[in-house]
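# Summary of structural features
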Amino acid sequence: MNEQQAMSLLGLANRARKVISGEELVIKEIQSSRAKLIILSKDASSNTSKKIQDKCRFYNTPIQFVETRETLGKAIGKEARVVVAITEKGFAQKLAQLLGES
């Protein structure tokens, strides 16, 4: 249930232009400390998954997971997305809370 709520909140954050998607752009956001939360799909390739998780650890950026890339893409009105960054603290905290409980 929480994942559904989280995905509709993610859609809202996206409409507010607080979501960055795409691996390279997300990594830039992490490195510049603009990313407040990373959401990674569990079906990301092991290479991408490791790269994103390592960056999050190094830059101390919180990370949460969703089941599939389709879920993530659908939430922001695009096709499958493996990773997104949330750049606004309020959205990030609420999303982390919803995804963390699932």
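Residues numbered from 1 in each chain as written. Predicted model: local features only at pLDDT ≥ 70, side-chain atom pairs only at ≥ 80, totals over all residues. Heavy atoms only, no water.

Naming follows an unreviewed UniProt entry, where the protein appears as 50S ribosomal protein L7 of Heyndrickxia ginsengihumi.

### Comments concerning the packing of helix α1 (residues 2-15) against helix α5 (residues 89-101)
Stated precisely, the cut-off is as follows: The angle between two axes is taken between their N-to-C directions and runs from 0 to 180 degrees, where each axis is a line fitted to C-alpha atoms and a helix contributes only its stretch in contact. Numbering of helices and strands starts at the N terminus; helices are DSSP runs of H or I of at least 4 residues and strands are runs of E of at least 2. The cut-offs work like this: below 35 degrees is roughly parallel, past 145 is roughly antiparallel, 65 to 115 is roughly perpendicular, and the gaps in between are oblique. Each helix crossing is assigned a hand: it is left-handed if the near helix lies turned anticlockwise from the far helix by less than a right angle, otherwise right-handed if that turn is clockwise. Residues count as neighbours in contact if any of their non-hydrogen atoms are within 4.5 Å of one another. When residue character is reported, Ala, Val, Leu, Ile, Met, Phe, Trp, Tyr, Cys and Pro are called nonpolar, Asp, Glu, Lys and Arg charged, and the others, Gly included, polar.
α5 packs onto α1 with a crossing angle of 160° between their chain directions and a minimal axis gap of 8 Å. Compared by their axis directions, α1 and α5 come out roughly antiparallel. Remark: the crossing between α1 and α5 carries left-handed chirality. Contact residues: Asn2, Glu3, Gln5, Ala6, Met7, Leu9, Leu10, Leu12 and Ala13 in α1; Phe91, Lys94, Leu95, Leu98, Leu99 and Glu101 in α5. In terms of residue class, the contact of α1 with α5 is built from 10 nonpolar, 2 polar and 3 charged.

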